[in-house]
Amino acid sequence: MKTILFTLSFLFANMAFSQTHQILKHNGEQLDVNFIKYENDMLHYSLDGSFEEIKISKYAVSQITNKQTNLTQKITDRIVVDSKSDYKLVQVLPKEKTIGLKQVANFKGVSTKTKGEPPMANVKHTRNRVKTQSASNGYPFVTIVENDGKYEAVAYAY
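Scope of this entry: the structure provided in the associated data block. Worth saying up front: this structure is predicted, and the values here are computed from it rather than measured.

Comments concerning the side chain of K97
Part 1 of the reasoning: Tracing the backbone shows K97 in the loop between β7 (91-92) and β8 (102-110).
Part 2 of the reasoning: Within the local environment of K97, its side chain forms a polar contact with the backbone oxygen of N40, the two atoms lying 2.9 Å apart.
Part 3 of the reasoning: Setting aside residues up to four positions removed in sequence, K97 forms contacts with N40, D41, M42, S57 and Y59.

A look at the packing of aromatic side chains
Part 1 of the reasoning: The full count for this structure, using the stated rule, is 2 aromatic pairs.
Part 2 of the reasoning: Residues F141 and Y158 carry aromatic rings whose centres are separated by 5.5 Å and whose planes lie at 90° to one another, so their mutual orientation is edge-to-face. Pair noted here: F141 is in strand β9 (residues 141-147) and Y158 is in the segment after β10 (150-157), with a separation of 17 residues, a long-range link. Taken individually, F141 and Y158 each receive the classification buried, so the pair is uniform in this respect.
Part 3 of the reasoning: Through pairs of rings, three or more aromatic residues link up here, namely Y59, F141 and Y158.

Some points on unusual backbone geometry
Part 1 of the reasoning: Of note in this structure, N40 is not a glycine but carries a positive phi near 55°.
Part 2 of the reasoning: The topology assignment puts N40 in the loop between β2 (30-39) and β3 (42-46).
Part 3 of the reasoning: Positive phi is not limited to glycine here, since N70 has a value of about 60°.

Structural notes on the side chain of K58
Part 1 of the reasoning: Within the fold, K58 resides in the loop between β4 (54-57) and β5 (61-66).
Part 2 of the reasoning: Under the relative-accessibility criterion, K58 is labelled buried at 17%.
Part 3 of the reasoning: Those residues in contact with K58 that sit more than four places away from it in its chain are Y38, D41, L43, I75 and T76.

Focus: the sheet that holds β3
Part 1 of the reasoning: With antiparallel pairing, 6 strands are arranged side by side in an open sheet as β4-β3-β2-β1-β5-β6. At either margin of the open sheet sits one strand with a lone partner, and together these are β4 and β6 (71-74). The sheet shows a mean angle of 40° between the axes of neighbouring strands, direction not considered.
Part 2 of the reasoning: Alignment of β5 against β6, held across 4 bridges, turns out to be antiparallel. By the bridge assignment, I64 is partnered in β6 with Q73.

Remarks on the sheet that holds β9
Part 1 of the reasoning: Pairing within the open sheet is mixed, and its 4 strands lie in the order β7-β9-β10-β8. A strand with exactly one partner marks an edge of an open sheet, and here the two such strands are β7 and β8.
Part 2 of the reasoning: Bridge analysis of β9 against β10 gives 7 bridges, and the strand direction is antiparallel. Within the sheet, the bridge partner assigned to E146 lies in β10 and is Y151.
Part 3 of the reasoning: Contacts between helix α2 (residues 119-136) and the sheet are confined to β7, β8, β9 and β10, with β9 contributing the most and set at about 140° to the helix.

Some remarks on α2
Residues spaced three or four apart along an α-helix face the same direction, because each turn holds 3.6 residues.
Part 1 of the reasoning: For α2, which comprises 18 residues, the first-to-last C-alpha distance of 26 Å matches the rise-based estimate of 26 Å (1.5 Å per residue) to within 8%.
Part 2 of the reasoning: A121, N122, T126, V130, K131, T132, S134 and A135 are the residues of α2 that are buried.
Part 3 of the reasoning: Among the structural elements, β7, β8, β9 and β10 are those in contact with the buried residues of α2.
Part 4 of the reasoning: G138, located one to two residues past α2, shows a positive phi value of around 85°.

Calculation rules
- Residues numbered from 1 in each chain as written.
- Predicted model: local features only at pLDDT ≥ 70, side-chain atom pairs only at ≥ 80, totals over all residues.
- Heavy atoms only, no water.
- Helix = DSSP H or I, 4+ residues; strand = E, 2+ residues; numbered from the N terminus.
- Polar contact = N/O pair within 3.5 Å; in protein donor to acceptor, adjacent residues only side chain to side chain.
- Contact = heavy atoms within 4.5 Å.
- Phe/Tyr/Trp six-rings, centres within 6.5 Å; stacked < 30°, edge-to-face > 60°.
- Buried < 20%, exposed > 50% of the residue type's maximum accessible area, 1.4 Å probe, protein only.
- Pairing = 2+ DSSP bridges.
- Axes fitted to C-alpha atoms, helices over the stretch in contact; angles between N-to-C directions.
- Expected span 1.5 Å × (residues − 1).

Read these as geometric descriptors, not functional statements.
Shown next as structure tokens:
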């Protein structure tokens, strides 16, 4: 009886620690993981044999597949920016939403200030300028930090 209980507990424990999902990233990389949850545009998972929770941005992930049921869920579509005219496709993200994306370039400049316009219009003009510059280089993601009339932008790709 003890050996049967030991065998059953071993089998259930082994199933609990096995990798249950496969994450396919937009760069083609596949990760075998234990999926935990999805919240605030971030996927939380752990690697095999580890209880450490790892986060990745939804923008870096194409799809996630449940290995047991073969059910595939699309997370995001790949954003392709080919020219300067595709600036509307460029996503402005906060820094914490870029986990899993590759930093590729930095831009610096002076924020646009037009006399008589409210500060929000100035922010919009600066964002559009940074998005256009990022699109002309083919980068689909950018973060912008403004400080005392100057900005620093970091471009990201898959």
